[in-house]
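Each chain is listed here by its residues.
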Amino acid sequence: MAWYEINDIDKIDSPALVIYPDRVKRNITLLKGMIDNIARIRTHVKSHKTKEAAYLQIAAGINKFKCATIAEAEMLGMCKAADVLLAYQPVGPKIERFISLIVKYPETEFSCLVDSKHTAEAISVAALSHNLQIPVYIDLNVGMNRTGIAPNQDAIELYIYCAQLKGIKTIGLHAYDGHIHDADYDVRQIKAEAIYELVINLQEKIFELSSVKPKVIIGGSPTFPIYALKPDVECSPGTFIYWDINYQQLFKEQEFDIAALLVVRVVSLPDDTKICVDLGHKAVAAESDLNKRVAFLNAPQLQPVSQSEEHLVLEAGKNHPFKPGDVLYGTPFHVCPTVALHNSGITIENAKTTGEWVTIARNRKINI
């Protein structure tokens, strides 16, 4: 019997997200073993968005987290996580929402990113109106080219400027390198080393000017093994928690288990060689090419032909054995946005359904 097979599969309607907690636990243990000090781990919760996965990490001694939305931050506050970075620069109404989080969950230290004087001033003014001082990290653009300030003299000046604002406390530098995803480890290492040197040099220059050495948060899952070997920086992997077939194929040096799958069923046989399953755009991340959305563990020969909102048509070949109702177990190529498409994940232990993990932070708002 394959590890993913479910004995009481008839209890699960499809399409469904299923989670294997024992594999999640092994992934957490493996992550901890890849770094010299657990205090240097700041995991991103964007992949799982559940209290249960957060609790497992907290129980394992991980107490620093990173998130992308106010809802994810609130979820972590509900879990009484000790240290939470909102890895996003709050603007507009998000500033007041972020302050509401800080007030509502005092057991958690919340921080956020800034990359401009304008936003830093707005956050400072709002914080002072609530008698708060909010910790912030300067967001550096190290090649992702979506947010952040260039890691040069401009970043140094922004850091020093922010340090003078009374409503915020500048504590570090944040560098995300999501553009680095080369399969060749040596190529990834060369690119990551260049970013590391750039950020550390910036850190040293700020230290010379201010006598305070800023903290550094750097990287994601693809470059985690590289930065894990560097002293005194925090690392921010996220996908490790569930993993997916894309990362499994690309980053073979990381031996995480795939811990979340999609259960789907054959719903129709449109012609002699094709089958149609109930896995549309609304159940699996569809931002990649059609052939890089899902792979079926128990039917790897199937080739995607077309996809719409609720259907995926697959080429099965002549004289295929499939019939309506047959179950397929699929691993998404991009697990993070796939999880966000499901209200919950059904937990599977000892080949049986045991409960569910609600994807509580999939929406933009929980309470605040």
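Fair warning: this is a prediction, and the values are worked out from it, not measured in the lab. (Residues numbered from 1 in each chain as written. Predicted model: local features only at pLDDT ≥ 70, side-chain atom pairs only at ≥ 80, totals over all residues. Heavy atoms only, no water.)

**Student:** Is there a simple way to think about unusual backbone geometry in this case?
**Tutor:** Leaving glycine aside, a negative phi is the common case for residues, and trans is the common case for peptide bonds. Cis geometry is found at the peptide bond from Ser-14 to Pro-15, where omega equals 0°. With respect to the element layout, Pro-15 can be found in the segment before β1 (16-19). One non-glycine residue with positive phi stands out, namely Asn-145, at about 60°. Within the secondary structure, Asn-145 is located in the loop between β6 (134-140) and α6 (153-163). (Helix = DSSP H or I, 4+ residues; strand = E, 2+ residues; numbered from the N terminus.)

**Student:** Can you help me understand the layout of surface pockets in this one?
**Tutor:** The rolling of a water-molecule-sized probe over the atoms marks out the regions of remaining empty space. The computed volume of the largest pocket comes to approximately 1,100 Å³. Of all the elements in the fold, those that place two or more residues in the lining of the largest pocket are β6, α9 (245-250) and α10 (335-339). Tallying contributions element by element places α9 first for the lining of the largest pocket, with 3 residues. Here the lining of the largest pocket is built from residues that sort into 16 nonpolar, 13 polar and 13 charged. Every residue lining the second largest pocket is counted, 16 residues in all, and those nearest its centre are Asn-291, Val-294, Ala-295, Leu-302 and Pro-304. Those elements giving two or more residues to the lining of the second largest pocket turn out to be β12 (294-296), β13 (303-307) and β14 (312-315). (1 Å grid on protein atoms, 1.4 Å probe; cavity = no way out; pocket = protein on both sides within 12 Å on 5 of 7 lines; lining within 4 Å. Points joined across faces, edges and corners; volume = space filled by probe spheres on them. Nonpolar A, V, L, I, M, F, W, Y, C, P; charged D, E, K, R; others polar.)

**Student:** What is the right way to look at the environment of Phe-240 in this model?
**Tutor:** You can see Phe-240 is positioned in the loop between β9 (234-235) and α9. When the C-alpha atoms of Phe-240 and Leu-128 are compared, they prove to be 38 Å apart, with 112 residues separating the residues in sequence. If we skip the residues at most four places from it in the chain, Phe-240 touches Asn-27, Ile-28, Leu-31, Thr-43, Gln-57, Ser-221 and Phe-256. (Contact = heavy atoms within 4.5 Å.)

**Student:** Would you explain the packing of aromatic side chains in this entry?
**Tutor:** Aromatic ring pairs are reported here in terms of the distance separating the ring centres and the angle at which the planes meet. This structure, assessed with the given rule, holds 8 aromatic pairs. Taking the centre distance of 5.1 Å and the plane angle of 50° together, the rings of Tyr-4 and Tyr-329 count as tilted. Linking Tyr-4 in the segment before β1 with Tyr-329 in strand β15 (residues 327-332), this pair joins segments that are 325 residues apart in sequence. Residues Tyr-4 and Tyr-329 agree in their burial class; the two are buried. Judged by centre distance (4.9 Å) and plane angle (65°), the ring pair of Tyr-247 and Phe-251 falls under edge-to-face. With respect to class, Tyr-247 is no different from Phe-251; both count as buried. What links up through ring pairs into an aromatic cluster is the set Phe-240, Trp-243, Tyr-247, Phe-251 and Phe-256. Here the basic side chain of Lys-213 rests over the ring of Phe-207, its NZ or CZ set 5.4 Å away from the ring centre. Just above the ring of Tyr-196 sits the side chain of Lys-230; from NZ or CZ to the centre is 4.9 Å. (Phe/Tyr/Trp six-rings, centres within 6.5 Å; stacked < 30°, edge-to-face > 60°. Buried < 20%, exposed > 50% of the residue type's maximum accessible area, 1.4 Å probe, protein only. Lys NZ or Arg CZ within 6 Å of the ring centre and 35° of its normal.)

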